[in-house]
Amino acid sequence: MSTEEFRCIRCRRMVSLYALGTAHRNHCPNCLWSRHVDVSPGDRRAECGAKMEPVAVTVDGSGEWAVIHRCHACGVLHANRVAGDDSLVMLMALAARPLAAPPVPIEYLPGP
């Protein structure tokens with residue numbers, strides 16, 4: 001393993017640090033999991049080092065997507081820009097989670 005790649009903490013895939021659309025890759029393009037390595041993007045100063053689960057996606061005003069990760073150890077939330085090689089299937093599944101599990105039973109929602 002070189003200093004230009006890392007092994008995913010979740011799926012164990014080898015991941016290049018370089019990808020279109022991001023300068024500070026720390027998540028896997030296959031499963032989207034990350035490791036808690038940054039305090040601020042790219043600084044690699046976090047001492048935690050625990051698994052970070054992808055829990056949501058967000059889209060900013062310009063249409064740029066980011067994955068929201070939650071640390072399994074300390075609970076911190078971080079947004080990570082989507083990279084050009086991130087799995088579109090995984091991103092769409094993550095974005096659809098709220099639709100599959102609404103906060104109230106579906107029968108409580110108003111009908112047409």
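The structure reproduced in this document is the subject of the present report. Quick caveat, the model's predicted, so the values are computed rather than measured. (Residues numbered from 1 in each chain as written. Predicted model: local features only at pLDDT ≥ 70, side-chain atom pairs only at ≥ 80, totals over all residues. Heavy atoms only, no water.)

## Things to note about the overall build of the protein chain
Put simply, the test is: Elements are defined by DSSP. Helices are runs of H or I of four residues or more, strands are runs of E of two residues or more, and each kind is numbered from the N terminus. Burial here depends on accessible area, computed with a 1.4 Å probe over protein chains only, as a share of the maximum for the residue type. Under 20% is buried, over 50% is exposed, and the range in between is partly exposed. Residue contacts are counted whenever heavy atoms from the two residues lie within 4.5 Å of one another. Residue burial considers only the protein chains on display, and all accessible areas are found by Shrake-Rupley using a 1.4 Å probe. Here Asp and Glu are counted as negative and Lys and Arg as positive; His is not counted, and neither are the chain ends. Charged side chains are reduced to one point each, which is NZ for Lys, CZ for Arg, CG for Asp and CD for Glu.
When helices and strands are counted, the protein chain shows one helix and six strands. Ordered by position from the N terminus, the helices and strands of the protein chain form the series β-β-β-β-β-β-α. Classification of the 112 residues of the protein chain by burial places 30% in the buried group. The long-range share in the protein chain, meaning contacts at least 24 apart out of those at least 6 apart in sequence, stands at 32%. Total accessible area on the protein chain stands at roughly 7200 Å², and carbon and sulfur atoms take up 57% of it. Distance between charge centres in the protein chain, computed from 12 positive and 11 negative side chains, equals 7 Å.

## A closer look at the sheet that holds strand 5 (residues 65-71)
Note the following rule: Strand pairing is defined by DSSP finding a minimum of two bridges between the two strands. The axes used here are C-alpha line fits, helices contributing only the stretch in contact, and every angle between their N-to-C directions lies in the interval 0 to 180 degrees.
What the four strands build is an open sheet, ordered 3-4-5-6; its pairing is antiparallel. Every interior strand has two partners, whereas the edge strands, strand 3 (34-35) and strand 6 (77-81), have only one. Of the pairings in the sheet, the one linking strand 4 (residues 51-59) to strand 5 comprises seven bridges and is antiparallel in character. Counted as the bridge partner of Glu 53 is Arg 70 from strand 5. In the packing of helix 1 (residues 88-100) onto the sheet, contacts are made with strand 4 and strand 5, and the angle to strand 4 comes to roughly 75 degrees.

## Side note on the pattern of salt bridges
We apply this condition: Any carboxyl oxygen of Asp or Glu within 4 Å of a side-chain nitrogen of Lys or Arg constitutes a salt bridge here.
On inspection of all chains with the given rule, the structure shows five salt bridges. In this structure, Glu 64 and Arg 81 form a salt bridge, with 2.3 Å as the shortest nitrogen-oxygen distance. Residue Glu 64 is located in the loop between strand 4 and strand 5, and its partner Arg 81 is located in strand 6; the two are separated by 17 residues in the primary sequence. Given a relative accessible area of 29%, Glu 64 falls into the partly exposed group. Residues joined by salt bridges that share partners form a network here, namely Arg 25, Asp 85 and Asp 86.

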